[in-house]
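Next come the chains, spelled out residue by residue.
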Amino acid sequence: MIARIIGTGSCLPESIVTNDDLAGIMDTSDEWIASRTGIRKRHLAKDETTAFMASEAARKALENAGIEADKVDMIIVGTITGDYITPSTACQVQGRLGAVNAVAFDINAACSGFMYAFHTAYAYLQTGIYKTVLVLGAETLSKIMDWTDRSTCVLFGDGAGAAVVQAFEEGGQQASEKEMMGERNGLLAFEQGSDGARGMVLNCRGRLNHNPLTTNPFAPSYVSMDGQEVYKFAVSTVPVSIRRVLGKAGVEVGDIKFFILHQANLRIIQSVAKRLKADVDKFPVSLDHCGNISAASVPVLLDEMNRKGMLNRGDKIVMSGFGGGLTWASAVIEW
Ligand code: UT7
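A few points on the structure. (Residues numbered from 1 in each chain as written. Predicted model: local features only at pLDDT ≥ 70, side-chain atom pairs only at ≥ 80, totals over all residues. Heavy atoms only, no water.)

1. Some words on the site of the ligand
And step 1. Near the ligand lie 22 residues; those nearest to it are T28, R36, Q228, N265 and N292.
And step 2. R150 places a main-chain nitrogen or oxygen 2.9 Å from a nitrogen atom of the ligand.
And step 3. Isolated, the ligand exposes 970 Å² of accessible area, and the fraction of that covered by the protein chains is 74%.
And step 4. Breaking the shell around the ligand down by element, the ones donating at least two residues are helix 2 (30–37), helix 6 (150–153), helix 8 (227–249) and helix 9 (266–276).
And step 5. In terms of residue count, the dominant contributor to the shell around the ligand is helix 8 (4 residues). (Near = heavy atom within 4 Å. Polar contact = N/O pair within 3.5 Å; in protein donor to acceptor, adjacent residues only side chain to side chain. Areas by Shrake-Rupley, 256 points an atom, 1.4 Å probe, with all protein chains shown as cover. Helix = DSSP H or I, 4+ residues; strand = E, 2+ residues; numbered from the N terminus.)

If you want it as structure tokens, here you go:
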């Protein structure tokens, strides 16, 4: 079985907020944000919801793949900022698209959310349970930021990205002319992990518990991050994860055309490139104009590259997500 990405899409909120705009409302500067992170601006939702952005990204991905919504068997959304606890964002996407034959659910793996969703989709495809899966990362992080904490709120943005993943039998009949274009080998290998013992270095509590029967009601909170601990986790874990997945796929660092990393900090990306002894030009960047969009960062960047024509058949690509949980996940795909 081959699991290929056959279409991508993304949606960013209309409103763009620059570092200078933020410097106008809090004690920060373009110089600090850009030099510490590489971020220059981000899209922040005004009226857009997570479900709206996810649905738009999904619609574009289906269009790009040439697939009708009723052909989708499953929708998985990686998100920590769904508009509701229930219904899930995935169910909302299903309803908005009219994807009547799809089963839909969300995954909470923070910045690894899209990668976890992608690997979960693969498991269903590989067992033959489903054939076509919509995989998304979608976030409205601006609503869980502490806007009095300059050390976190300047880092994040909002948006959604989607990919249509489809199963093909090796050497078997292709489903459509568009799909026949592919002599692509799809997902070659993946690996992922979690470290719950260190999870509190990046946390955000749920809503207020006002149950009168409890003696220990807790208050909700916004995102709180020990940036340096998360930074150390990222630069030590991601290169190991990538080396491991390359080993599983039987390919070398030099065989990889692009490393599409979760977009948290340019310095993390540069450090991973250095540790892998890979050319930093192979690490495309979107955080300069998107900031950190958690689960959405990998699929939004993938879609940008796809639409710019940067991805050619046969290219080997690494995708890697890491963040809250703590979680991480990497895959090698052949486009
Ligand atoms: O997506 C999930 C994964 N998340 C990550 O991967 C984030 C990983 N961590 C990081 O990217 C970095 O740790 C940060 C960008 C969050 C912070 O960079 P840093 O170099 O670790 O800075 P710091 O936290 O050590 O802060 C340095 C200084 C402090 O001032 P003092 O104590 O040295 O006087 C902060 O108060 O920078 C100050 N500072 C700011 N100054 C201006 C913190 N935030 C700001 C700000 N503007 N927005």
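2. Considering the nonpolar core
A general tendency of soluble globular proteins is for nonpolar side chains to be buried together.
And step 1. I242, L246, F259, L261, V272, F283 and F322 are the most contacted members of the largest nonpolar core, which has 43 residues in total.
And step 2. Only helix 8, strand 11 (258–261), helix 9, strand 12 (316–323) and strand 13 (327–334) provide two or more residues apiece to this core.
And step 3. The element contributing the most residues to this core is helix 8, with 8 residues.
And step 4. Here this core spans two domains, since at least three of its residues come from each of domain 1 (2–168) and domain 2 (184–334).
And step 5. Discounting residues that sit within four places of it in the chain, F322 has contacts with C111, S112, F233, A234, V238, H262, A264, I268, T327 and W328.
And step 6. By size, the runner-up hydrophobic cluster in this structure holds 33 residues, among which are A3, I5, A117 and W335. (Core = buried A, V, L, I, M, F, W, Y, C linked by side-chain atoms within 4.5 Å. Buried < 20%, exposed > 50% of the residue type's maximum accessible area, 1.4 Å probe, protein only. Domains from an automatic or database assignment. Contact = heavy atoms within 4.5 Å.)

3. Side note on the environment of I67
And step 1. Note that I67 resides in the loop between helix 3 (50–65) and strand 4 (74–78).
And step 2. Taking the relative accessible area as the measure of exposure, I67 reaches 12% and is therefore buried.
And step 3. Separated by 61 residues in the primary sequence, I67 and I6 have C-alpha atoms spaced 9.3 Å apart.

4. Concerning the sheet that holds strand 4
And step 1. Overall, mixed pairing links the 5 strands, which are arranged 1-7-6-4-5 in an open sheet. Looking at strand neighbours, the two that pair on one side only are strand 1 (2–11) and strand 5 (103–107), the edges of this open sheet. Across the sheet, the mean angle from the axis of one strand to that of its neighbour is 20 degrees, orientation sign disregarded.
And step 2. Two strands pair when backbone bridges link them, and strand 4 and strand 5 are joined in this way by 5 bridges, in the parallel orientation. From the neighbouring strand, I75 faces strand 5, where its bridge partner is A104. (Pairing = 2+ DSSP bridges. Axes fitted to C-alpha atoms, helices over the stretch in contact; angles between N-to-C directions.)

5. Quick look at the pairing of strand 13
And step 1. Of all 8 residues that make up strand 13, 8 are buried, and the element is covered over most of its length.
And step 2. Of the two faces of strand 13, the one holding T327, A329, A331 and I333 and the one holding W328, S330, V332 and E334 are both buried throughout.
And step 3. Pairing of strand 8 (residues 186–194) with strand 13 involves 8 bridges; the strand directions are antiparallel. Bridging from a neighbouring strand, L187 pairs with I333 of strand 13.
And step 4. From the end of strand 12 to the start of strand 13, which pair antiparallel, there are 3 residues, and G325 there has a positive phi angle of about 140 degrees.

6. Section: the side chain of E48
And step 1. Within the secondary structure, E48 is located in the loop between strand 3 (41–43) and helix 3.
And step 2. Summary of buried charges: E48 has no salt-bridge partner, and the nearest side chain of opposite charge, K46, is 8.5 Å away.
And step 3. Within the structure, E48 has its side chain in polar contact with the backbone nitrogen of E14 (distance 2.9 Å).
And step 4. Reaching out from E48, the side chain makes a polar contact with the backbone nitrogen of K46 at a distance of 3.1 Å.
And step 5. Non-local contacts of E48, meaning those with residues more than four positions away in its chain, are made with P13, E14 and M53. (Lys, Arg positive; Asp, Glu negative; His and termini not counted. Salt bridge = Lys/Arg side-chain N within 4 Å of Asp/Glu carboxyl O.)

7. Section: the packing of helix 8 against helix 9
And step 1. Across the interface, helix 8 lies against helix 9 with an axial gap of 9 Å and an inter-helix angle of 40 degrees. Relative to helix 9, the element helix 8 is oriented oblique. Between helix 8 and helix 9 the crossing geometry is right-handed. Of the residues in helix 9, those touching helix 8 at Y231, A234, V235, S236, V238, P239, I242 and R243 are R267, I268, S271, V272, R275 and L276. (Parallel < 35°, antiparallel > 145°, perpendicular 65-115°, else oblique. Left-handed = near helix turned anticlockwise from the far one by under 90°.)

8. Examining the state of the cysteines
And step 1. If you walk through the whole model with that rule in mind, you get 0 disulfides.
And step 2. A disulfide-free cysteine, C204 has its sulfur positioned 12 Å from the sulfur of C111, the nearest such atom.
And step 3. Residue classification places C204 among the partly exposed residues on the basis of a relative accessible area of 34%.
And step 4. Here C290 is not disulfide-linked; the sulfur of C11 is the nearest cysteine sulfur, at 11 Å.
And step 5. Since its relative accessible area comes to 1%, C290 is described here as buried. (Disulfide = S-S within 2.5 Å.)

9. A look at the pairing of strand 1
And step 1. Counting buried residues in strand 1 gives 10 out of 10 residues, a clear majority hidden from the surface.
And step 2. With 9 bridges connecting them, strand 1 and strand 7 (residues 158–168) associate as antiparallel partners. By the bridge assignment for strand 7, I2 is matched with F168.

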